Amino acid sequence: MDPAQPTLVNGNSNGLAQPTLVNGNSNGLEQQQPQFDTEIFRVYLRSLLPPVIAAAPEDLEGLFEDNFDERVAKFASDPTAVLYVVKSKFNTEDGAEDEVPSYEYSLTAQLTYHHSHVTTLALIKRSPVLDPSAPLATQLHFLNLFGGDETPYESLHAVVSFGVKPWFDAFVGSRGAGRGAGDSKMGIPMTKKKFAELELSLLHLQQNVEIPETHLIIHPNIQRAVEQAKAAGTRPSISDLPPKLLNDSTFLNSLHSNVNSWIKSIQAVTKLTRDVTSGTASQEINFWLSLERELEGIDAQLATEQVAMVMDCLRNAKRFRATVSFIADTGFKDATEVVHKYNLLMKDFPLNELLSATDLTKIQESITLIFGHICRKIKISPYPIRRALPLVEAISRDFNDQLVRILTSHRLAYTPYETFDSLLGQVTTIFRTWDDQIKEFTNVAREVTRKRSEKFIPIKVVHAHAKLQERTRYLREWRKQHEQLAVMTGPTRGISGSVLDMGIGGMDMEEEVKEAYEVVKRIDVLDVSVEGTEIWVAAENAYNERVARVENQIIARLRDRLGTARNANEMFRVFSKFNALFVRPKIRGAIQEYQTQLIDSVKEDIKHLHDKFKTRFRDSEASHMSQMRDLPAIASAIIWARQIERQLLTYMKRVEDVLGKGWELYAEGQKLQSESSAFRKKLDTRPVYDAWLHDINRRNMGVDGRLFEIIRPRGSGAGGSNALFQLAVNFDPQIITLFKEVRNMLWLGFQVPHAITNMAKDAKRVYPHAVSLMETVRTYGQTLDLVDENKGIEWLVAEYRNDSQRMIAKGMNIKWDHFVNQYDSTARYVSSADGRDNRHIQFVREFASVISVLQDKTNNVIDLYKDILRAVEDLATCSYTTEAFSELLGKVQAAIDRLNLEGYANLEQWVSELDRRIEGILLQRLVQIVQVWCGEFDRTADDADTRPALRDITSKRRGDKRVKEEKFLEGSMNLKPIVHEIRIQNQVIFLDPPIEYARANWIRQLHDWLGVVCRLRRIQSSRYEIGLQMQGTSVTETNYTSLLTQLPDNVLGRPFALIEVKVQQLTEYVGKWLQFQSLWDLEAEYVFNRLGDSLANWQQLLTEIKKTRSTFDTSDTQKSFGVCVIDYEQVQAKVNAKYDSWQRDILSRFGVKLGNAMKEMHAAILKARNELEHQSIEGLTPRRF
C-alpha cells in the first residue's frame, strides 16, 4: 500500500459501525497544514454513507459538487456549524408502482422537513473545531433522523427512550452506590425527571386526537376592502364596497355560501367528541384542552373585521336567515361553555407526575395528587360522572403500566429477599393508597351525582391493575414461603447438609430449593396477560414439583424430631424451629398426626406442674430466690402460685397455637381442658391471703426495749473466746416483714384492711432507723472480721475501733420508745425543739458515721497494706536494678506517707517491723546476686551466651513485666568482658592492658552489684514530723550498707578467690605467647649452616614449618576466658608474616639445592640412554603381545 494513501478503519465512539479515516503518512504534513483537508472528509463520507443510509456510491457524487469544499471548511472551523446529509425521493410522473425508486442526496447546513425526505443524517462535532491530526471517528457523532410521511414523534421517542435516556442512566449507575447526596447536588435526579417528561411528551404527541383546524373562507372582495381600509387608517365597513356589489346577487350568494361552509366547519369542531373508554387518560385530558384552544381560535376568527363585514353585507341585503341563526346553528356558544367548564378539571391535571415517576415513592405521591385534584375539581366542574369513571379507569391503566415499568427495572426475581419484600411492601402501600383514594372518589362522585340530579349510575371503577395487585400480593406471599423454606434448608438452621438429609432421597435440600427457584427466575413474574399467567402457572407447578421432594425430606425430619421428643417443651421447641414452614399445607398436614401425642405430652407436663405445686413453696428453689430478692414469704408464695398458673395457661396457648382453635371440642381436648380448669381452682391464692390476714390480726406486734442486745451466736461453745457473744439490734424482723407483705399484697391487687395498713405504715416509719442500725452493726462485725483476717493492721486502726466501741457503749442506754413516740397520727414528724428526741436520731446517724469511718479506714489500710505487701514481695523477684528496687521502695514509702497523712496510729512501730522484713528480703537478694556474680565470672567461653542462674532467679516473676524485666537483667546485670590485646612493638611482644587492670575492674564491678542493694534508701515513718527534722541529727541509718555485715561466712570470700584463679589462668596463657619472641631472635644463615646439603633435613624442616603454621593459620583471632578475652589478631598476623619469610627463604634455598641434584640426575640418565642406543639388537627375538 502507498504510505501516503489514507486508510479506512471501521470504528465509532457511539457504538455504530462508522468508517474512520486514519492517515498513515508519517512525514508530518498534517501538522504543517493549518486548515482542515476537505479530501479527508470526502473519503470519510464515501465510506460512511453507503452502509448507513443505503446509498449507491455513484449516486453520492452529487454531494461533492459546487461548494462542497467551502461548506466542509466552514463546518470544520465554525464551532456552531452542523452538516446534514439529506436523502430525498424522486416523484416520477407516471407513478408506476413497479418502477425502482430513485433518490438524490444533498449536503446542507440548514435542516428542513419535507415529506419527500427519506432520511436525514446529522453530523455533529464533539469538539468546537475539527483537528486534522486526529481520526474523524473520535471527533464526530452522527444521528439518523428518519423522514417520510410519518410524524417524527415515533422516531424521536425511540431515540430518547432507547438511546439517550438508557445511556445516561447507565453512566450514572456505573459510578456506584452511596453517592445519592452528591447526585442530588449535581441535579442528576432532576435530569432523570426531565428525560422522563420529554419521553412522556413525545408519547402524548403520538396519542393526541387530531382536532381539525378551522379556517373561515373570506371572499376576495371583502378581504381587499378590509385591507384598503386598514391601509387608509379607517374602520372597515360596507361603505368601502362598491354599491353595485352590495346588490349583486352573485356576490351575495357567494357570501351566503361561505357562511354555510363556516357553519359546517365550526360544527365539525363543536360536535367533535371522543370515546373516553378507549385510549389513555392523557388523551382524554389533551382532547379537551386542545378543543378549548381550537374553539378559542374559531372565536378569534369570528371576531375579525372580515367576518363582521360579511355579516353586515348579508344583513344589508335582508338575508337574515344566514345571520340570525349563525351562532345557534354552529352550537359554538354552548360548546365553548361546556369545554371551558370541563377544563376546570383538565387544567393543571397532575397526570404527568404519575407518568414521569421514576420510583415507587413518586407513584404514591402522584396518586394522592391526582385523586386530590379530581375530588376537588369535580365538585366545581360539570364534567359528567359517566365520563369520570372511564377516566379513572384510564388512570388505572397508566398506573398499572408505570408500576410494571418500575418493578421490571428492579428485576424482582433476582433481588435479595430484603429488597424484594421492601419493594412489594411499598407496592402494597401504594395499592392501599389507591383504594383509599378510590373510596374517597366514590363518595365524592355519589355526592356530586345526587346534587346534579343526574340519572343514577352505579359508581364502580374497574381497576386495570387488579390482576397486577393480586399477582404482587400472591408473589410476595409465595416469595416469603420460599425464603422461609430456603432459610430452613440453609446451612445455619441444621436441616440441610446433614447425613440424614443426604440419606433421604440422596439430594441436597438447599441446592434443590435454589434450582427450583431458578425456574421462576427465567420468566416475567409481572406478566398478568393470559399467556403470562399460563407461563407463571407452569413455572409454579415446576417449582412445586421440585419443592415437594424437599418438603418430603423436611416432613421426615419433622416426624423424626417429634417422635424423639421426650416432653412438651422439646416438642414445642421442634414446632418453633419449623414454625415458619407450617403455612405449607403438606407440612401442616404432617404435624396433625401428632395431636394426640402432643396432648399426652401436655398432660405429662401439667402433671409435673401438679408435682411442683405439691412440693410446697417452702421447699422449692423459688423460696430461696425470693429471699435473695427480699420478697416476704406469703407474697412470694402467691407469686409462685400465679407463675404456675401462667405456665399452665402457656401450655394451653401452645396447644392452641399448634393445633388450631377449637382444640377443646375434641374428646381428649375437652378432658384436658377440664383438668386444667380444676388445677387452676387449686391455684387460687385467696385462701393463702386470708390465712395471712388472720395471723396478723391475732398477733400483737410492737416496738420496745433497748436498741442493742448481746446474743450468743449458734454453734458457739461454752469455752471462752471472743466469738461467744455478738452485738445485735433488738428489733423484731416480723415488723419489717409486715410492711413488705402489705406493700406486695397491694401490688398483687389484694384489698388490705385499713388497720393493718396503718400498722405497716408505723413499722415503715421506724424501719429506716432499724435498718440503718442493723446495717451499721453488720458492717461493724464485718469490719472486725476483716481486721482479724489481715494480721498486721490492728495497730493502725486501733484508734477508730476504740471510737466505735465508745459509740456502742453510749447506745446501750437508748430505747426504741424514743423513736416510736416522736411520731403522731396527724403529722409525719413532731416538730419539737426538744433536743432529746433529735438526740436519738442523731445517735443513729453518728453511729453509722463512726462505723462508716472505721470501715473506710479499714478498707483503705487493707488496700494500702496489700499494695505494700505486694511491693515487698516483689523485692524478692524484681529485676536486680537500682531503678526496680527504688520504684518498689518508693511505692512502700508513698503508702507509708499516705498512712501518716491520714493519721493512722502506731505508725512508727509498724514501720519498724516492716523495715526488718524488708532487710531479710534484701539480704537474700544479696546472697543470690553474689552467687550470680560468681556464676557469671566463672563461665567459660562456650557457655557465654547461656544464663541459667539469671533465669532461675527471675523465673518467679509474674505478670506482663516478667519478660521485660528479664531482658533488662540480661542486658545490664552481667560482667562486661575485658579485652586484652597481645601486641608487638619494636619486635617485642607484650599484653595491653596488663593483667592487674582486669583484677581491679572485676572488684569494682562486684562493688557495683552489691551497691544496688546497699545504697537503697531505708523506709521512714516520720518524714512528715517537723520535730524530728529540726533536731539536725539522726541516729538511724539511711541505707542498707549494714546488710554486708549480716552475710553468711564465705559468701564474700568466694568472688575474690575466683578473681585470683582467673588472674593465674591469664598469666599462664599469655606466657605461651611471649615465647614466640624467639622467632625474631634467630639468624637465617645459622639455620642454613645447620641443615647443610642433606635434602632429607631440608624436607623435614619444611614439614615442621607446615605443621607449625596450622597452629596460627585459623579464623580465630582471640581466646575467651569468659569474663576476659585475649585478642591476638595483631601478633597472629605478624607471626604468620614471620613464618612466611622463613618459609620463602628456606624454600628458595631448598629449590636451588634440589635443582642442582636434578641436573646431576638428568645428566646421568642421559648418559645411560646414549649407551643403550648404541647397543646391537640382532640377538633379540620378537615377542607377540
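Since we're looking at a predicted model, the values are computed, not measured.

Participant: Any chance you could explain the overall build of the chain here in plain terms?
Facilitator: In terms of regular secondary structure, the chain is built from 44 helices and twelve strands. Within the chain, counting contacts between residues at least 6 apart in sequence, those at least 24 apart form 75% of the total. Carbon and sulfur atoms form 52% of the exposed surface of the chain, whose accessible area is close to 67,700 Å².

Participant: Mind showing me how you'd approach the sheet that holds strand S11 (residues 1118-1120) here?
Facilitator: Strands belonging to one sheet form pairs held by backbone hydrogen bonds; the direction of such a pair is parallel or antiparallel. Here we have four strands laid out as an open sheet, ordered S10-S9-S12-S11, and mixed in their pairing. Both edges of this open sheet fall to strand S10 (988-992) and S11, since each of them pairs with a single strand only. Shown here is a sheet whose adjacent strand axes are inclined to one another by a mean of 20°, direction ignored. Sheet analysis places strand S9 (residues 978-985) next to strand S12 (residues 1124-1127), joined by four bridges and oriented parallel. Bridge assignment links Glu981 to a residue of S12, and that residue is Asp1127. Across the sheet, helix H39 (residues 995-1014) is in contact with S9, S10 and S12; its angle to S9 comes to roughly 165°.

Participant: How do you make sense of the packing of aromatic side chains when you look at a structure like this?
Facilitator: Centre-to-centre distance and the angle between the planes together describe a pair of aromatic rings. The final tally for this structure, using the stated rule, is 17 aromatic pairs. Measuring from ring centre to ring centre gives 4.9 Å for Trp288 and Tyr342, while their planes differ by 80°; the resulting arrangement is edge-to-face. A residue pair is termed long-range when its members are at least 10 positions apart, and Trp288 in helix H10 (residues 281-302) and Tyr342 in helix H14 (residues 332-346) qualify at 54 residues. The exposure class of Trp288 is buried, given its relative accessible area of 7%. With a relative accessible area of 12%, Tyr342 lands in the buried category. The interplanar angle of 90° and the centroid separation of 5.8 Å between the aromatic rings of Phe399 and Phe431 together place this pair among those described as edge-to-face. In this pair, Phe399 sits in helix H17 (residues 385-409) while Phe431 sits in helix H18 (residues 417-452), placing the two residues 32 residues apart along the sequence. Each member of the pair, Phe399 together with Phe431, is buried. A connected cluster of aromatic rings, assembled from ring pairs, spans Phe371, Phe399, Phe431, Trp434 and Phe441. One Lys or Arg, Arg411, reaches over the ring of Tyr414 and ends 4.2 Å from the middle of that ring. Arg479 extends its terminal NZ or CZ atom over the ring of Phe420, reaching a point 4.6 Å from the ring centre.

Participant: Please explain the packing of helix H36 (residues 907-938) against H39 as it appears in this structure.
Facilitator: The geometry of a pair of packed helices is captured by two quantities: the angle between their axes and the separation between those axes. Where H36 contacts H39, the axes come no closer than 10 Å and their chain directions differ by 155°. Relative to H39, the element H36 lies roughly antiparallel. Between H36 and H39 lies a crossing of right-handed hand. The segment H36 lies against H39, with Leu922, Leu926, Ile929, Val930, Val932, Trp933, Glu936 and Phe937 engaging Trp1002, Gln1005, Leu1006, Trp1009, Leu1010, Val1013 and Cys1014. For the contact of H36 with H39, the residue count by class is 13 nonpolar, one polar and one charged.

Participant: I would appreciate a short explanation of the packing of H10 against H14 in the present structure.
Facilitator: Close contact between H10 and H14 brings their axes to 9 Å; oriented N to C, the two are set at 140°. Taken together, the axes of H10 and H14 are oblique relative to one another. Where H10 crosses over H14, the two elements pack in a sense that is left-handed. Touching Glu284, Ile285, Trp288, Leu289, Leu291, Glu292, Leu295, Ile298, Asp299 and Leu302 of H10 are Phe332, Ala335, Thr336, Val339, His340, Tyr342, Asn343 and Met346, all from H14. Taken together, the residues of the contact of H10 with H14 sort by class into twelve nonpolar, three polar and three charged.

Participant: Would you explain helix H9 (residues 249-270) in this entry?
Facilitator: Note on helix geometry: an α-helix contains 3.6 residues per turn, so any two residues three or four positions apart are oriented the same way. Between its first and last C-alpha, H9 extends 31 Å over 22 residues, near the 32 Å set by a 1.5 Å rise per residue. Listing the buried residues of H9 in full gives Phe251, Leu252, Leu255, Asn258, Val259, Trp262, Ile263, Ile266, Val269 and Thr270. Seen end-on, H9 carries its buried residues on one side only, within an arc spanning 145°. Pointing more than 90 degrees away from the buried face of H9 are the exposed residues Thr250 and Lys264. Between the side-chain oxygen of the N-cap and the backbone nitrogen of Thr250 there are 3.2 Å, and the N-cap of H9 in question is Asp248.

Calculation criteria
- Residues numbered from 1 in each chain as written.
- Predicted model: local features only at pLDDT ≥ 70, side-chain atom pairs only at ≥ 80, totals over all residues.
- Heavy atoms only, no water.
- Helix = DSSP H or I, 4+ residues; strand = E, 2+ residues; numbered from the N terminus.
- Contact = heavy atoms within 4.5 Å.
- Areas by Shrake-Rupley, 256 points an atom, 1.4 Å probe, with all protein chains shown as cover.
- Pairing = 2+ DSSP bridges.
- Axes fitted to C-alpha atoms, helices over the stretch in contact; angles between N-to-C directions.
- Phe/Tyr/Trp six-rings, centres within 6.5 Å; stacked < 30°, edge-to-face > 60°.
- Buried < 20%, exposed > 50% of the residue type's maximum accessible area, 1.4 Å probe, protein only.
- Lys NZ or Arg CZ within 6 Å of the ring centre and 35° of its normal.
- Parallel < 35°, antiparallel > 145°, perpendicular 65-115°, else oblique.
- Left-handed = near helix turned anticlockwise from the far one by under 90°.
- Nonpolar A, V, L, I, M, F, W, Y, C, P; charged D, E, K, R; others polar.
- Expected span 1.5 Å × (residues − 1).
- Arc of directions from axis to C-beta.
- Polar contact = N/O pair within 3.5 Å; in protein donor to acceptor, adjacent residues only side chain to side chain.

Note that every value here comes from positions in space, so none of it alone points to a role or purpose.
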